[in-house]
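One-letter residues, chain by chain:
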Amino acid sequence: MTTGTQRRVLVLGGGTAGLLTAHVLAEYADSVTVVERDALPPGPEHRPGVPQAHHLHVVLPGGQQALDGLLPGVVQELCAHGAFRIGIPRDAVLWSAGSWTRRFPTTMHLLSCTRPLLDWVVRERVRKHPRIRLVDRTAAVALLGDATRVSGVRVSARETGPRDPYDLHAALVVDATGRSSAAPKWLAALGPAVPPAECVDPGLSYTTVQYKGAPGSDAPFLGVHIQPDRNHPRGAVLLPVEADRWILTAYGMRGHEPPTDQAGVLRFLGGLADPVLHEWARHNEPAAPPRGFRNTANRRYLYERAGTAPSGFLAVGDACCTFNPVYGQGISVAALQAVALRAALSHRQPGRRTTTRTLQRAVSTAYRPAWQLATGADLQYPATTGNRPGVTVLPQQWYIDRVLARANGNRLIGDALRDVLGLTAPPARLFTPKVAAAVLFAPVPQPLTTLPLHAEP
Ligand SMILES: Cc1cc2nc3c(=O)[nH]c(=O)nc-3n(C[C@H](O)[C@H](O)[C@H](O)COP(=O)(O)OP(=O)(O)OC[C@H]3O[C@@H](n4cnc5c(N)ncnc54)[C@H](O)[C@@H]3O)c2cc1C
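The structure presented is a predicted model; accordingly, all values stated were derived computationally and were not measured.

1. Some remarks on the environment of Y303
Logical step 1: You can see Y303 is positioned in the loop between β19 (298–301) and β20 (313–315).
Logical step 2: Along the primary structure Y303 and K185 are separated by 118 residues, whereas in three dimensions their C-alpha atoms are 13 Å apart.
Logical step 3: Once residues within four sequence positions are removed from consideration, Y303 is found in contact with A183, P184, L187, P195, T308, A309, F313, A315, A319 and Q360.

Following this line, the structure appears as structure tokens:
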């Protein structure tokens, strides 16, 4: 992309990644048009293009920082609309590796709200930018250009098919069409090499139920997460969201899929490592029937590799790299990618062009830690498909196993692990001298097997 204000940018997809990318690029472009297939609702409502929005969507601390850096005050605005900031580990009860986590003082907050609220608040902020135009009910159907350069997009204003296509031209086309992006197919039609892809699939399935009610001031916890492990590949998480609702998501790896009817969900919850969620669900009233979601593999396209994409094309968000959702990373990574794009554009050399490959590299650097965390964890499950790492990673796995065995009861190790999982620190945080000493020499804490109903001082 040539920076300056004479250029036009097209962003395909008006989800979180598309909107945040548009917001950043609008500082460097003459105009940014966001082309969205759905009709964009006037409020926080569901729409067909984001079917995952019915499921729990937390924003990790690293994502909150990134969102606030892009749209100052946005986290506070979400909280003003009823989003919860849940202190971890103090406010929630968390089961993993055969033990509850001790409820030590909080070191990070999860932001919990519905996805429609998050999208709406972000959309209304971005919409106000004078150089951004949102064009909804319009689907991208093909890329224009040739093997060396993408020069625009063919769009159709009809939701049902490409019957009335017309062309939009731009210096830069950004694919933010999400997990089911057709860009690899569109690029193949232009002739360049198909982008290499990697997929690690634990076969995770989600079933989500919304319940009526809100945590009272005397609630023993603000959230529950029972995490799976190699021996129990089932889990569930419960968090409050705005408008007096709780969202409960049950999930299982391949062969352990949760049913999608209410009685089946209850049965599934009864089979978890602890009965707390089964009991909770039995005593609360669903607000809507359960909803399932199956397409959850980790997958990335290596667009940043030389020769895999023409200039003038950039992929962001799930269209570039999508994660097993159970780690709650996608939105945070989309925000971190937008921050990385802004940094790459603002550090450009005066008088020199910023290539799309430079921008694509910034995007991939931003998602890489999350990719390593998600795929590293998923490859522990025997039923996961994808390239298994060689023996060279065995020492690292041995170390991470020691981290996990101690994190629930050892505050130093637990805090470091939460920083990494929350995307506020790189994985190297687990190898700093103090943490490494504890990982290598501290004994495994006594497992806490009774539900910790009280926070620790
Ligand atoms: C079940 C589930 C639970 C999840 N939970 C979490 C969580 O807790 N925390 C978290 O951070 N992430 C979570 N994620 C991941 C998160 O949903 C994604 O990472 C996030 O939506 C990525 O944003 P995006 O803008 O890239 O894509 P999307 O949000 O999918 O947006 C893509 C947009 O492109 C539009 N579009 C598609 N095709 C076209 C086209 N041809 N032309 C024009 N527009 C088009 C769509 O209508 C949509 O608006 C979860 C995902 C799933 C599946």
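2. With respect to the nonpolar core
Logical step 1: Among the nonpolar cores identified, the biggest contains 92 residues, and V32 and L143 are the most heavily contacted of them.
Logical step 2: Considering each element in turn, this core owes the most residues, nine residues, to helix α8 (residues 330–346).
Logical step 3: Per-domain counts for this core show at least three residues from each of domain 1 (8–49 + 118–198 + 298–376) and domain 2 (70–114 + 201–293).
Logical step 4: One finds W100, V209, L238 and L248 within the second-largest nonpolar core, a separate group that totals 21 residues.

3. Some words on empty space enclosed by the protein
Logical step 1: Going through the model one piece at a time under the given rule, you end up with one cavity of 30 Å³ or more.
Logical step 2: A volume near 60 Å³ is recorded for the largest cavity.
Logical step 3: Tallied by class, residues from the lining of the largest cavity come to three nonpolar, one polar and four charged.

4. Focus: the site of the ligand
Logical step 1: For the ligand, the set of nearby residues contains 33 residues, the closest of which are E36, H57, R115, D318 and I331.
Logical step 2: For the ligand, an oxygen atom lies 2.7 Å from a polar atom in the side chain of R115.
Logical step 3: The backbone of G330 places a nitrogen or oxygen atom 3.2 Å from an oxygen atom of the ligand.
Logical step 4: Out of a free accessible area of 1000 Å², the ligand has 96% covered by protein chains.

5. Digging into the sheet that holds strand β16 (residues 234–241)
Logical step 1: If you trace the seven strands from one edge of the open sheet to the other, you get β6-β5-β15-β16-β17-β14-β18, paired in mixed fashion. A single partner strand is all that each edge strand has here, and the edge strands are β6 (99–100) and β18 (291–293).
Logical step 2: The sheet contact formed by strand β15 (residues 223–226) and β16 spans three bridges and is antiparallel. Of the residues in β16, the one forming a bridge with H225 is V237.
Logical step 3: Packed on one face of the sheet, helix α6 (residues 262–270) meets β14 (205–212), β16 and β17 (245–252) and runs near 70° to β17.

6. Some remarks on the domain arrangement of the protein chain
Logical step 1: The domain boundaries assigned to the protein chain delineate domain 1 (8–49 + 118–198 + 298–376) and domain 2 (70–114 + 201–293).
Logical step 2: In this structure, domain 1 and domain 2 have C-alpha centres spaced 30 Å apart.
Logical step 3: Listed per partner, the contact involves 17 residues of domain 1 and 14 residues of domain 2.
Logical step 4: At the boundary of domain 1 with domain 2, the tally comes to one salt bridge.
Logical step 5: In this structure, the salt-bridge partner of R125 is E77, at a minimum N-O distance of 3.0 Å.

7. With respect to unusual backbone geometry
Logical step 1: Here the residue pair I88 and P89 is connected by a cis peptide bond, since its omega of 10° sits within 30 degrees of zero.
Logical step 2: A positive phi is found at D244, a non-glycine position, where the angle reads about 55°.
Logical step 3: Tracing the chain through its elements places D244 in the loop between β16 and β17.
Logical step 4: In this model, L423 sits at a positive phi of 65°, which is unusual for a non-glycine residue.
Logical step 5: Taking the relative accessible area as the measure of exposure, L423 reaches 14% and is therefore buried.

8. Describing the packing of aromatic side chains
Logical step 1: Going through the model one piece at a time under the given rule, you end up with seven aromatic pairs.
Logical step 2: Between Y211 and W280, the aromatic rings sit 5.0 Å apart at their centres with planes inclined by 80°, giving edge-to-face as the arrangement. One end of the pair, Y211, is in strand β14; the other, W280, is in helix α7 (residues 276–282), with 69 residues separating them in the sequence. As far as the burial class goes, Y211 and W280 line up, both buried.
Logical step 3: For the pair Y399 and F431, a centre-to-centre distance of 4.5 Å together with 15° between the ring planes defines the contact as stacked.

What counts and how
- Residues numbered from 1 in each chain as written.
- Predicted model: local features only at pLDDT ≥ 70, side-chain atom pairs only at ≥ 80, totals over all residues.
- Heavy atoms only, no water.
- Helix = DSSP H or I, 4+ residues; strand = E, 2+ residues; numbered from the N terminus.
- Contact = heavy atoms within 4.5 Å.
- Core = buried A, V, L, I, M, F, W, Y, C linked by side-chain atoms within 4.5 Å.
- Buried < 20%, exposed > 50% of the residue type's maximum accessible area, 1.4 Å probe, protein only.
- Domains from an automatic or database assignment.
- 1 Å grid on protein atoms, 1.4 Å probe; cavity = no way out; pocket = protein on both sides within 12 Å on 5 of 7 lines; lining within 4 Å.
- Points joined across faces, edges and corners; volume = space filled by probe spheres on them.
- Nonpolar A, V, L, I, M, F, W, Y, C, P; charged D, E, K, R; others polar.
- Near = heavy atom within 4 Å.
- Polar contact = N/O pair within 3.5 Å; in protein donor to acceptor, adjacent residues only side chain to side chain.
- Areas by Shrake-Rupley, 256 points an atom, 1.4 Å probe, with all protein chains shown as cover.
- Pairing = 2+ DSSP bridges.
- Axes fitted to C-alpha atoms, helices over the stretch in contact; angles between N-to-C directions.
- Salt bridge = Lys/Arg side-chain N within 4 Å of Asp/Glu carboxyl O.
- Phe/Tyr/Trp six-rings, centres within 6.5 Å; stacked < 30°, edge-to-face > 60°.

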